[in-house]
Each structure stands twice: as structure tokens, then as C-alpha cells.
Amino acid sequence: GLCSNISGLRGVVQTAFQASHLSNNLDLVAEDVSSEDGTLNLNSEGLEIVLADPGKVAPVLDSLTKLRWLQSSWAGVNALSGHGRRDYICTRLAGCFGQQMSEFVFGAIFNEDWRRLRDVQERKEWAPGPFLKRPRLSDLTMGILGVGDIAAVIAGHAQAFGMRTLGFASRERSEPGFDSVTTDLRHVLG
């Protein structure tokens, strides 16, 4: 069953299935099992495999008595952390959110300057001072909590701007896109 707001998800799943060796021996039944409020339909208790946003599954997880595998359509599965049920396999989506998150991060970095520029323009003032004093990205350091696939894309984009990149992880190591990876949170946040 599919329960997600991702546009075109069914087509992608069907194409990937047809290209796999699984299509030689199995049939794919990809049906939308979303209810009107966007959560998983309560009449879905017979499902064994679900591809869904964890937040949509969480309210009805206990009613999915035959569930064997939940494939998250999100990078994380935190929405399921409050459930004690552990009799199914849950896998997260990885390797596809880096670009989106990097755009969000850099949008947030530039947001304050853009807001000030908009305010000055709305007042029809010429006030270049704050923009001339803004530090260049190449003079900044970006600290990133985690060094996974999303963090690696963000760090790579930061380095493209000339930024120094620090990663926080459970062990020190060399990772592409990071100038250093440390277990010292104060160093990363400093």
C-alpha cells in the first residue's frame, strides 16, 4: 500500500519494480491506501508491505496486524519512536534529500539579509551599509550535526562557497565534504 504526498510515487515504484529481477516471479499491487485526512486507511489491516510517510502510519500502526515491512518515504522514522511494536522491518529513504535540504539551509542563511534588503526597498531608502559589512561565505565555518548523506551534500555545497565545514559524529574520521569530523560538539557549535 502507498500512503504519501509524494507526487508520482506510484509510477516510480512501478517502474523500479518492472526493472528489477523481482518482476520475473512476483506481481506488484500498488494501491493508494490513504484516507481522506491523509493518514493510512483503517481498512488496510491486511497489508504486508507499506510505503508511506511514518507520520501517516503512526496513528494506525497497531491495526496493521499483518505488516511485515514498512518503507518510509522520509529520511527519518521519528514519528514511529513512541510505538513499542517491533515485529516488522522498517527502512528509511536515503540518498535523495540532500539537494532539497541544502537549498533549505542556504535559503535560511540568506534569509535575514534578504529580509533586510526587502525592508529597505519597501521604505525606498538607499542603505548599502549592512550589505557591505556582511561576512563573505568564504570567511564562515559551517558546523553540521551528523555526517550522513544529507549532511554530505550540504557540506559539499558549503565547500563550493569556500566555507570551512565541521561535522559532528559519534567517532572522528575523514568524510568527503568535511574539513574535519569530530566528537566535540562544542567545537562544531563554537
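The following refers to the structure shown. All residue numbers here refer to positions counted from 1 along the written sequence of the relevant chain. Confidence filtering applies because this is a predicted model: local features only for residues at pLDDT of at least 70, side-chain atom pairs given and counted only at 80 or more, and all residues used for totals across whole chains, interfaces and linings. Hydrogens and water are ignored here; the side-chain numbers use all heavy atoms of the structure.

Considerations on unusual backbone geometry
Right, on to step 1. The phi dihedral of K124 is positive, around 55°, even though this residue is not glycine.
Right, on to step 2. Numbering of helices and strands starts at the N terminus; helices are DSSP runs of H or I of at least 4 residues and strands are runs of E of at least 2. If you trace the backbone, K124 turns up in the loop between α3 (98-122) and α4 (129-132).

Section: the sheet that holds strand β3 (residues 69-72)
Backbone-to-backbone hydrogen bonds join strands into a sheet, with any given pair of strands oriented parallel or antiparallel.
Right, on to step 1. Think of it this way: DSSP has to see at least two bridges between two strands before they count as a pair. If you trace the four strands from one edge of the open sheet to the other, you get β1-β2-β3-β4, paired in parallel fashion. Either end of the sheet is taken by a strand with one partner, and the two such strands are β1 (2-3) and β4 (89-91).
Right, on to step 2. The pairing of β3 with β4 spans three bridges and is classified as parallel. Its bridge partner being in β4, Q71 is matched across the sheet by T91.

Brief notes about the layout of surface pockets
Empty space left among the atoms is revealed by rolling a probe the size of a water molecule over them.
Right, on to step 1. Here a cavity denotes a set of grid points, spaced 1 Å apart and computed over the protein atoms alone, in which a 1.4 Å probe fits but from which it cannot get out, and a pocket denotes an open set meeting protein on both sides within 12 Å along at least five of seven lines; residues with an atom within 4 Å of a point are reported as lining. Grid points are joined across faces, edges and corners, and a volume is the space filled by probe spheres set on the points. In this structure, the largest pocket encloses a volume near 810 Å³.
Right, on to step 2. Looking at the largest pocket, it is lined by 27 residues, and the ones nearest its centre are V13, L28, I49, L51 and W69.
Right, on to step 3. Taken together, the elements giving at least two residues each to the lining of the largest pocket come down to α1 (9-19), β2 (49-52) and β3.
Right, on to step 4. Among the elements that line the lining of the largest pocket, the one with the most residues is α1, at five residues.

Things to note about the state of the cysteines
Right, on to step 1. Criterion for a disulfide: a pair of cysteine sulfur atoms at a distance within 2.5 Å. Scanning all chains against the criterion turns up zero disulfides.
Right, on to step 2. Distance from the sulfur of C96, which forms no disulfide, to the nearest cysteine sulfur (C90) is 15 Å.

Side note on the environment of D27
Right, on to step 1. By the element assignment, D27 lies in the loop between α1 and β2.
Right, on to step 2. For D27, a relative accessible area of 75% translates into the label exposed. Only protein chains enter the accessibility calculation, which uses a 1.4 Å probe. A residue is then buried if its area is under 20% of the maximum for its type, exposed if over 50%, and partly exposed in between.

A short note on the pattern of salt bridges
Right, on to step 1. By definition, a salt bridge exists where a carboxyl oxygen of Asp or Glu is found within 4 Å of a side-chain nitrogen of Lys or Arg. Summed over all chains, the structure comprises eight salt bridges.
Right, on to step 2. When the shortest N-O distance is used, the salt bridge between R115 and E112 registers 3.4 Å. In this pair, R115 and E112 both sit in helix α3, three residues apart, roughly one turn of the helix.
Right, on to step 3. Of the charged contacts in the structure, one is a salt bridge between R123 and E125, with a shortest N-O distance of 3.0 Å.
Right, on to step 4. Via salt bridges that share partners, R118, D119 and E122 belong to a single interconnected network.

From the geometry alone we can't say anything about function, so treat these as descriptive.
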